[in-house]
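Listed below, chain by chain, are the residues.
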Amino acid sequence: MTNSSTYDVVVIGGGHNGLAAAATLAKKGKSVCVIEKSDAMGGMARNVAMGEGVSAPQIAHLLHNLNPKVAKELGLGDLLKGSPLPTTSLSADGNHVVVEGAMVRFADGTTHPDVNAYAKQTAQLRKFAGLLGQLSTKSPPKLDGGLTSMAALGELAGLAKLGLNVKMMGKKDMREFLRVVLTNVYDLVLDEMPDGPLAGMICADAVRGNYVGPRSPGTVFNLMYRLGTGGEVRMPKGGMGAVARAFEAAATKAGCDLRTGSGVARVNVEADKVTGIVLEDGTEIATRAVLSSAAPMATMKMAGIEHFDVEAARRIKNMRCKGTVAKLNLVLKSAPQIEGLSAAQMAGRLLIAPSAETVERSFNPVKYNELPTAPVVEAVIPTLSDPELASGGRHILSAVIQHVPHTPTGGWNDANRQQVIDTVVAQLEAHMPGLSSTIEEAQLLTPSDIEDLTGAPGGHWHHAEMGVDQILTVRPVNGLAHYRFAVGGLYLCGAAAHPGGDVTGVPGRNSAMQLLKDGVLS
Amino acid sequence: MTKAATKQAVPIGVIPTPLYDRMEAISTAKSWANWAGFISPLVLDTVEFEYFAIRNQSTLFDICPMHKYRIKGPDALKVVNRLVTRDVSKLRDGRVGYAMWCDEEGMLIDDGTVFRYSETEFMLCCQETMYSWLLDTAWGFDAEIIDDSHTVAGVSLQGPTTFSLLKDAGLDAVEDMKPFDLREIEPGLWVSRTGFTGDLGYELWTAWNDIGALWDRLWAAGGHWGLRAIGAEALNMVRIEAGFIAAGVDFQPVHAAMRLNRGRSPLELGFDKLVHFEKGHFNGRRALLKQQQDGVRYHLAKIDIGGFKPADGSLIYHRKKREVGHVTSGIWSPTMKQNIALAELKAPYGKAITDDLWVEIYVSEEGQWDKRIVPLTFVDKPFFQNARSRATPPNPF
Ligand SMILES: Cc1cc2nc3c(=O)[nH]c(=O)nc-3n(C[C@H](O)[C@H](O)[C@H](O)COP(=O)(O)OP(=O)(O)OC[C@H]3O[C@@H](n4cnc5c(N)ncnc54)[C@H](O)[C@@H]3O)c2cc1C
C-alpha cells in the first residue's frame, strides 16, 4: 500500500454533485481530490458513446433544475443561456398539447381551453416552489428541540416552522400551501381541469423519478421540487454531457485533482474523526474530511457501521430507494417525424402521458414487479438541437421510461429487456410512423443496470425516494440531515442529501459550505 | 438447553415459572406480582423475616423471569461494546460486569449484567425485553442473538451463610470465586458471584427444566443455614441499602417512556465511571460526550433523611421553598437504622448545591395527614457495605 498523498478533502464520486462540492472547496483554497470509481466523471449526467460518432446522454438527458446560485458560483452560467424547450404532450387523436412557460396551445397554434387554469395553478405552485427553493440552498433548517417524529412533520404546522417565510407569502397563500403540500397531484390538477394530455403532463412531471403514481401523497411536493428553479427545460449545446463536462471543468479550474478508475473502498476513522481513505486498488490517501456522493448505506459501510448509532444504522437500512425509471437510447438512421409538430416542437420535450388516469395506471405493474405495458415516457431528440452529437446525419432518441421495476419477475433476461424496448418503441411509433425501421441501435438501462453503473441504490433517480419521510429535515434520514454523517469530518454531498436529486449542484455545494462552517479544516 | 417442542396453546395471563409450584406450596402471604409475564412473589411469608434472612442467613429468589440474551459469534465482543457504555474488552473471560446501554441521545435503555464466557460469547441479563434492539445492534456484524429468556433459568442465593450452604450442597468449588466471577461449576450449571443485595451471594443458572431439581438440592442443604425463599419486597429494601438503581423506579427505560424528556443518561444517574469514552464509538457516545461538556440536567443521589418516616415519592425543596427534586426510592433501613433514599435532583442541586435541602414527607395516621419537613444529607458510598460480601474465600459461618 502506498500513502500517495494528503488532501484537505477527498470527495467520493465524480457525479456533478461531487464535482460541485470539490469546486466550491477548492475555490476557498482547500486542496481537494475527487475519486471516481468508473472511468469518467459526470455520474448520471455523463454522455456515452454509442458506436462510432455518436454521443448520447447515458442516463439524465435534460437540464431543468440547475440551481442559478450554483451556476453563478461555479461559473456555469452559459448552461442556462439559450431558450428553454417546449414540452409537447402527445395525444392519440393528434391534438397534441404544447406548453411553453405559462402558455398552453394545441400544436396547430389554437388556444387550449384550460390555459388560464394552468397558468394560475402553475404560477401559484412556482411561488410555493420558489420558497422551497430558497430552503434548498441552505442546510435544512433546524427545529428547536429537534424534529423527533414523523408525526411532527406530518402535522402541517411543522412545515410552517421550516423557516418558510410566511410574510413573503401572506396568510391566504400560506394556508393554501399547507393545504396542498402533502397532498396528491391527481386531485390538485383534476380540481382545476378535465383529464387529458395537459393533466397527464403535470402528473407525469410530478411522479418522475419516484416510486409513486399521481394519486400518491407527496406528489404535489415533488412537483414543487421540480419547479424549484422555474421548471424550464433546457438542452445545452453538447447535450447533458456538456453539463457534466462544465462541472468537471469548474473543478479542474479551481485546482482539484480528479482520479478515475478505482473507487473508494474504505474511509479510515480514528478517535471519531476521518483520517483518510483507501481505494479499491489499495492506494491510501490521507485527508481531514471526506464528502461522499455515494449513497448513505454505501458510505456508512465504507466508514464502518460500528461508528454509527444503532438508530442511524436502522434508519439508513430502512430507507426507501426503489428505482422505477429506465433509460432507452435509440440511434436512428434518420430524424423521426410527428405529424403536425414544428421543428422546434420536435426538438423539444415529448411526453407520452395522455391523461392523469394513464399516469396512475402506469404505476400499477411496477408494484408487482411486472413489465410495463403502457409506461409514461419522456423523450427528446438531442441531435435536433445539436447535430454534432451523431455523425452521418443520424439521430439519437433518448427516452426516460417511468415505472419499470428494478427486478421484474424472471429477472432481466434478454426477452424481458427486448419486451420493454418493443413496448416503448411501439408507443413512440404510434406517433412517429416508421420509427422502428430506422433504428440502428437500441440501448436499454434498467434500474438494476443504473444501480450497477452508478452505485445509486435501486438505481434511484434521487438516490433515495423523495417522500415526506425523506425530505428536508429528515433527508436522508432523521438525525443525519445536515450533511454531517455521524463521524467527525464525514459528510454526504450527493443526491441522497438535502434537497435531493436532479442535476442541481445543490447538495454538493451545500455540503461543502457546511464543512467550511463547521470548521473541520481550520 | 432446548425447550420441549410440544405444541401448546399460548397461555393467557401470567404464567408460572418452573419454580412456582414450590413457592406456592410454602407461601403464606399469597402475594404475587406480574414480572415480565410470570407469576413472581412479592412476599412469601413476611417482609421482615425475608429481609432479615437476606442480611443474616440465606435466601432464594426466583429470577427465571429475567430476560437473558446470548450474543454469539466472531463479532460478539464488537456488538456488546457497541451496545453498552463500558469497555467490555477489559472484562476478562469468566467475569460478569454491571453495564448500562443507551439510545442515540445517550438516554438509558436499561441496565443489567454482561456475562463474558469468551470473546465470542456473552450473555446479557436484564429487566426489559431487548431482542429487537439487540438484533438492530448486531445488524451488519457477524454475531447471532439468541433469546434465552425461556431456556435459561436462574435462582439468586443471597446472604452471609450462602457459601456454607453451597458447600453442604456439594458445590464447594465456588470457594475461590471472587465477586463477579463466572464459572461452570458442574456440567450445565453456571454460577456467578453476583446479586442485587450488596451482600455475599451467588446466582445459579441452568436449563429451564433443571431449575426445579437445583432448587430442591439447595433447599435440602439449606435448613441448617436458615434458608428462606423470598419475594421482591424484601429484595427491594436491600437493593436500596446497597445503592442499586431499579428500572422503572429510579430511571424510566427510555424505550418504554411515552413522554418527551423522561429519559436519563448514565451521567445523570451518577455512573460516569461506567461510561468509557475512550473505547471507541458506542451507542449514544456523541450525545453523552456533548452532555458531559454542556452539563447534565439531573443528579441521582444517595441521601440520608432526618426522622424515620419512609420518604418514597417525597418532594425535595431548596431553602424549604424551591422544588428541586424528588425521592425515587426510600425506606427505613432496619440494618443501618437510617432513613435512606435515592433521590433525583435538578442540577446543580445534588452536586454544586448540597446545603439547605429539605424533604417534605406526608404521613397518614389513620386517615389524618400530616406534613413533615426534614433535612437531608448526601451519602457517597452505598448505605450498606460489608467486608463479608467481598471476602474470598468467603468466611464460613
Ligand atoms: C434514468 C434517469 C434519468 C434521469 N434524468 C434526469 C434528467 O433528465 N434531468 C435531471 O436533472 N436529472 C435526471 N436524473 C437524476 C439525476 O441524474 C441525478 O439525481 C443526479 O445526476 C445525481 O447526481 P450525483 O452527483 O448526486 O450522483 P451521481 O450522478 O449518481 O454520481 C455519483 C458518482 O459516484 C460514483 N461512486 C459511487 N460509489 C463510489 C465509490 N465507492 N468510490 C468512488 N466513486 C463512487 C459513481 O460512479 C457516480 O459517478 C435522472 C436519473 C435517472 C436514473
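Since this is a predicted model, take the numbers as computed values, not measurements.

## Describing the site of the ligand
Residues and elements named next belong to chain A.
Next up, step 1: The local shell around the ligand holds 31 residues, among which N17, E36, L62, W461 and V503 are the closest.
Next up, step 2: Here V264 contributes a backbone N or O atom positioned 2.9 Å from a nitrogen atom of the ligand.
Next up, step 3: A distance of 2.9 Å separates an oxygen atom of the ligand from a polar backbone atom of D502.
Next up, step 4: Of all elements in the fold, only α1 (16–27), β2 (32–36) and α16 (447–454) reach the threshold of two or more residues within the shell around the ligand.
Next up, step 5: A class-by-class count of the residues in the shell around the ligand yields 15 nonpolar, 13 polar and three charged.

## Comments concerning the pairing of strand β10 (residues 182–186) of chain B
Residues and elements named next belong to chain B.
Next up, step 1: With four bridges joining them, β10 and strand β11 (residues 189–192) adopt antiparallel strand pairing. By the bridge assignment, L182 is partnered in β11 with S192.
Next up, step 2: Following β10, the chain reverses through two residues before pairing antiparallel with β11; G188 in that reversal takes a positive phi of roughly 80°.

## Considerations on the pairing of strand β17 (residues 338–346) of chain B
Residue and element names in this part refer to chain B.
Next up, step 1: Burial analysis of β17 places seven of its nine residues in the buried class, the great majority of the element.
Next up, step 2: Relative to β17, strand β14 (residues 298–305) runs antiparallel, the two being bridged by eight bridges. Residue pairing across strands places Y298 opposite K346, the latter belonging to β17.
Next up, step 3: Pairing of strand β16 (residues 322–333) with β17, which is carried by eight bridges, proceeds in the antiparallel orientation. Considered in β17, the bridge of H326 is made with E344.
Next up, step 4: A loop of four residues connects β16 with β17, the two strands running antiparallel in sequence, and K337 in this loop sits at a positive phi of about 50°.

## Quick notes on the domain arrangement of chain B
Next up, step 1: The domain boundaries assigned to chain B delineate domain 1 (20–66 + 150–241), domain 2 (68–143) and domain 3 (297–383).
Next up, step 2: Here the C-alpha centroids of domain 2 of chain B and domain 3 of chain B sit 34 Å apart.

## Observations concerning the state of the cysteines
Next up, step 1: Applying the stated rule across the entire model yields zero disulfides over all chains.
Next up, step 2: Summary of cysteine pairing: C256 of chain A is not part of a disulfide, and the nearest cysteine sulfur, belonging to C33 of chain A, is at 8.8 Å.
Next up, step 3: Residue classification places C256 of chain A among the buried positions, given a relative accessible area of 6%.
Next up, step 4: Here C102 of chain B is not disulfide-linked; the sulfur of C126 of chain B is the nearest cysteine sulfur, at 14 Å.

## Overview of the side chain of T88 of chain A
Next up, step 1: When you line up the elements, T88 of chain A lands in strand β5 (residues 87–89).
Next up, step 2: Of the residues examined, T88 of chain A reaches a relative accessible area of 0% and is grouped as buried.

## Details of the sheet that holds strand β12 (residues 201–207) of chain B
All names here are of chain B.
Next up, step 1: Strand order in the open sheet made by the six strands is β10-β11-β12-β9-β3-β13, with mixed pairing throughout. Two strands bound the open sheet, and with one partner strand each, they are β10 and β13 (227–229). Adjacent strand axes in the sheet meet at a mean angle of 25° when their direction is disregarded.
Next up, step 2: Direction of pairing for strand β3 (residues 58–62) relative to β13: parallel, over a ladder of three bridges.

Procedures and definitions
Residues numbered from 1 in each chain as written. Chains lettered and ligands numbered in written order. Predicted model: local features only at pLDDT ≥ 70, side-chain atom pairs only at ≥ 80, totals over all residues. Heavy atoms only, no water. Near = heavy atom within 4 Å. Polar contact = N/O pair within 3.5 Å; in protein donor to acceptor, adjacent residues only side chain to side chain. Helix = DSSP H or I, 4+ residues; strand = E, 2+ residues; numbered from the N terminus. Nonpolar A, V, L, I, M, F, W, Y, C, P; charged D, E, K, R; others polar. Pairing = 2+ DSSP bridges. Buried < 20%, exposed > 50% of the residue type's maximum accessible area, 1.4 Å probe, protein only. Domains from an automatic or database assignment. Disulfide = S-S within 2.5 Å. Axes fitted to C-alpha atoms, helices over the stretch in contact; angles between N-to-C directions.

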